[in-house]
Amino acid sequence: MKKISNYINGQLVSPQSGSYLDNYNPAEGKVYSYLPDSDSLDVAEATKAAQAAFGAWSSTPLANRAAVLLKIADLIGRDLDKLALAESIDQGKPLKLAKSMDIPRASANIRFFATAAMHVSSESHLMDEVAINYTTRTPIGVVGCISPWNLPLYLFTWKIAPALAAGCTVVAKPSELTPMTAFLFSELCIEAGLPAGVLNIVQGVGAKVGQAIVEHPTISAISFTGGTVTGKKIAATAAPMFKKLSLELGGKNPNIIFADCDFEEAISTSIQSSFSNQGEICLCGSRILVERGLYEKFLTEFVKRTNELVVGDPLEEKSRLGALVSEAHMQKVLSYIELAKQEGGKIECGGSRVVVVGRCEAGYFVAPTVITGLNQSCRTNQEEIFGPVVTIMPFDTEEEAIEFSNATAYGLSATIWTTNLKRSHRVAHKLKSGIVWVNCWLLRDLRTPFGGMKQSGVGREGGWEAMKFFTEAKNVCVKI
Ligand code: TXE
């Protein structure tokens, strides 16, 4: 079975410990490859390489930096099928989703930031004919990028692209649950001629490799996407070291359906926003709030369409839901369904593990599940489940919809379905979330800031915000 490598100082290398971890194919519930069980020694080597490469990389002309990044973006496009298959096998998502979303977006992430870096402006301010102030932004140095398992190459490139484009050098760690596409990506970096040490990828578990990155004194900034619990641990380590932090954490996103919505649009998009990637997207709308006059009609049609979704072999064209990423995560999701029952919820459909006959019968599959009869303050409606599980509840007034929506510790995204223009703006401005979609979902211009409020995160990624995060500003004031 394949043993993947770390990517340090331009080379594919084994972990210094010589030990490896099992890498599972969640659709089959079996080990299919091994990843390095790296530790702080590997992180030290990677950081040394990144530091050695920083001078040359940060002074490389922008167009030259962009050229090698654009080459990597092209190679991702060339190897789309291979990368999509690797992503589907590693994470359990349907192959067609990896082909249509994850991998094309990974290429787009790199292409976007490679070109953005060449068009960034900075500010100057003339002070009453007395002095002129100008601001420079320079790359901060060696940075750490730690990414999660739900959109492996998509979120991995979403972090490292702005860092590299800004002139930083990077020590990156993908999730130990989905290491494969990051490994294949490192091969493409070598093929594209990315200079040694500019990007270093250290595979392994968070408590060892991730922690070592966060606490390494040479690493000046940490960009993290993952769970809120882990985000707290990282902040506790990084804050006393005065490191810059970008934390993209969880969500418990409301999907508000007003009675005057375009019903077909609202229902079909809500199926997507509920169950895409098995509900393993931080932006999924897991709490559906429906205006009472529409509630019964919406619930009946939503349950009907949920029951029509095919849970199956991720490699088969007809499958809309694949496997959850690990046995532990499947058990976590199933435990929340049990909790919902204890809290008085009614399981309208789904609610259990699915056995997929054939090669996947040992895989980690859960039926798309709809739960009603709960109030907004119960744990099922307060905590991130991160699986194919949504709750649906009615509301009577616009004020109640807003109150329910804002009634969790999270504030990542929200969706509003209404044909009333004034109401869409009015409600959007009262929702405590970093992203609000009106009559759409997961549509976004990469130039916009991305991130959540409250416990959904700190800082913003995307667009110039992401470039700014990886640079430090200096203001020079010259008397004239
Ligand atoms: O993420 P973790 P997990 C949520 C979702 C999920 C929960 C836990 O609710 O159920 O988080 O998922 C690395 N220092 N999201 O456990 O642990 C780890 O190796 C440094 C939402 O898989 O947060 C991995 O690379 N790094 C989220 C990364 O952190 C550490 C997407 C994320 O792992 C570390 C994923 C440490 N001490 C999960 N411990 C989103 N917002 O999309 C772990 N890591």
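Everything numeric here is computed off the predicted structure, so don't read it as measured data. (Residues numbered from 1 in each chain as written. Predicted model: local features only at pLDDT ≥ 70, side-chain atom pairs only at ≥ 80, totals over all residues. Heavy atoms only, no water.)

K.L.:
Residues and numbers for the domain arrangement of the protein, please.
P.N.:
Segmentation of the protein into domains returns domain 1 (2–249 + 456–479) and domain 2 (254–447). With centres defined by C-alpha atoms, the gap from domain 1 to domain 2 works out at 30 Å. Listed by partner, the interface residues are 34 residues for domain 1 and 33 residues for domain 2. Interface area, domain 1 with domain 2, both sides summed: about 2,500 Å², of which 59% is carbon and sulfur. Sorting the residues of domain 1 by area buried against domain 2 places K96, W149 and S456 first, and these three jointly supply 21% of that buried surface. (Domains from an automatic or database assignment. Contact = heavy atoms within 4.5 Å. Buried area = accessible area lost by both parts, 1.4 Å probe.)

K.L.:
So what's going on with the sheet that holds strand 22 (residues 435–438)? Which residues, and what values?
P.N.:
The strand order across the open sheet formed by 7 strands is 15-18-19-14-13-21-22, and the pairing between neighbours is mixed. Every other strand in the sheet has two partners, leaving strand 15 (346–349) and strand 22 as the edge strands with one partner each. In this sheet, neighbouring strand axes are inclined to one another by 25 degrees on average, regardless of whether the strands run parallel or antiparallel. In this structure, strand 13 (residues 254–257) lies alongside strand 14 (residues 287–291), joined through 4 bridges in parallel fashion. For P254, the partnering residue across the bridge sits in strand 14 and is R287. The strands that helix 10 (residues 292–308) touches are strand 13, strand 14, strand 15, strand 18 (369–372) and strand 19 (389–395); relative to strand 14, the one it contacts most, it runs at about 140 degrees. (Pairing = 2+ DSSP bridges. Helix = DSSP H or I, 4+ residues; strand = E, 2+ residues; numbered from the N terminus. Axes fitted to C-alpha atoms, helices over the stretch in contact; angles between N-to-C directions.)

K.L.:
If you had to explain the side chain of E301 to someone new, which residues and values would you point to?
P.N.:
When you line up the elements, E301 lands in helix 10. In contact with E301, not counting residues within four places along its chain, are F263 and I267.

K.L.:
Describe the side chain of N406, and please don't skip the residues or the numbers.
P.N.:
You can see N406 is positioned in the loop between helix 13 (398–405) and strand 20 (410–411). Under the relative-accessibility criterion, N406 is labelled buried at 18%. Among the polar contacts made by the side chain of N406, one reaches the main-chain amide nitrogen of K432 at a distance of 2.8 Å. Once you skip the residues sitting within four places of it in the chain, N406 turns out to touch K430, L431, K432 and K454. (Buried < 20%, exposed > 50% of the residue type's maximum accessible area, 1.4 Å probe, protein only. Polar contact = N/O pair within 3.5 Å; in protein donor to acceptor, adjacent residues only side chain to side chain.)

K.L.:
Outline the packing of aromatic side chains, listing residues and values.
P.N.:
Tallying each qualifying case throughout the model produces 10 aromatic pairs. Seen in terms of ring centroids, F275 and F302 are 6.0 Å apart; in terms of plane orientation they differ by 35 degrees. Their pairing is tilted. Here the residue F275 occupies a position in helix 9 (residues 263–275), and F302 occupies one in helix 10, the gap between them amounting to 27 residues. For the pair F275 and F302, one class covers both residues: buried. (Phe/Tyr/Trp six-rings, centres within 6.5 Å; stacked < 30°, edge-to-face > 60°.)

K.L.:
Break down the site of the ligand for me, with residues and values.
P.N.:
Around the ligand, a shell composed of 26 residues is seen, among which W149, E176, L249, K332 and E384 lie nearest. T230 has a polar side-chain atom sitting 3.1 Å from an oxygen atom of the ligand. In isolation the ligand exposes 820 Å². Once the protein is present, 87% of that is buried. Under a 2 Å grid-point criterion requiring more than half of the atoms, the pocket assigned to the ligand is the largest pocket. Of all elements in the fold, only helix 7 (206–215), strand 11 (219–225), helix 8 (228–238) and helix 11 (327–342) reach the threshold of two or more residues within the shell around the ligand. Classifying every residue of the shell around the ligand gives 9 nonpolar, 11 polar and 6 charged. Residues from two domains meet in the shell around the ligand; each of domain 1 (2–249 + 456–479) and domain 2 (254–447) gives at least three. (Near = heavy atom within 4 Å. Areas by Shrake-Rupley, 256 points an atom, 1.4 Å probe, with all protein chains shown as cover. 1 Å grid on protein atoms, 1.4 Å probe; cavity = no way out; pocket = protein on both sides within 12 Å on 5 of 7 lines; lining within 4 Å. Sits in = over half its atoms within 2 Å of the grid points. Nonpolar A, V, L, I, M, F, W, Y, C, P; charged D, E, K, R; others polar.)

K.L.:
Run through the packing of helix 3 (residues 80–91) against helix 5 (residues 152–165), naming residues and quoting values.
P.N.:
A pair of packed helices is characterised by two quantities: the angle between their axes and the separation of those axes. Put simply, helix 3 and helix 5 touch, their axes get as near as 9 Å, and they point 110 degrees apart. Of the possible angle classes, the one that applies to helix 3 and helix 5 is roughly perpendicular. Contacts between helix 3 and helix 5 involve L83, E87 and Q91 on the former and, on the latter, P152, L153 and Y154. (Parallel < 35°, antiparallel > 145°, perpendicular 65-115°, else oblique.)

K.L.:
Give me the pattern of salt bridges: which residues, what numbers.
P.N.:
Considering all chains together, one arrives at 22 salt bridges under this definition. As a salt-bridge pair, E45 and K48 come within 3.6 Å of each other at their nearest N and O atoms. One end of the pair, E45, and the other, K48, are both in helix 1 (residues 40–58), 3 residues apart, so they sit about a helical turn from each other. Owing to a relative accessible area of 54%, K48 belongs among the exposed residues under this scheme. With its nearest N and O atoms 4.0 Å apart, the salt bridge here joins R423 to E398. Taken together, the residues span a long stretch of sequence, with R423 in helix 14 (residues 421–430) and E398 in helix 13 at a distance of 25 residues. (Salt bridge = Lys/Arg side-chain N within 4 Å of Asp/Glu carboxyl O.)

K.L.:
Pulling in residues and values, what's your account of the environment of S58?
P.N.:
Locating S58 in the fold gives a position in helix 1. Given a relative accessible area of 23%, S58 falls into the partly exposed group. For S58, the side chain forms a polar contact with the main-chain oxygen of F54, separated by 2.7 Å.

K.L.:
Which residues make up the sheet that holds strand 7 (residues 131–139), and what are the values?
P.N.:
Strands sit in the order 6-7-25 across an open sheet of 3 strands; the sheet is antiparallel. Both edges of this open sheet fall to strand 6 (124–127) and strand 25 (471–479), since each of them pairs with a single strand only. Adjacent strand axes in the sheet meet at a mean angle of 20 degrees when their direction is disregarded. For strand 7 and strand 25, the ladder comprises 9 bridges, and the chain directions are antiparallel. Counted as the bridge partner of Y134 is V476 from strand 25.

K.L.:
Lay out the packing of helix 5 against helix 6 (residues 180–192) with the relevant residues and their values.
P.N.:
Contact geometry for helix 5 and helix 6: axes closest at 8 Å, N-to-C directions at 55 degrees. For the element pair helix 5 / helix 6, the angle class is oblique. The hand of the helix 5/helix 6 crossing is right-handed. Residues P152, L153, F156, T157 and I160 of helix 5 form the contact with helix 6, whose own contacting residues are T181, A182 and F185. (Left-handed = near helix turned anticlockwise from the far one by under 90°.)

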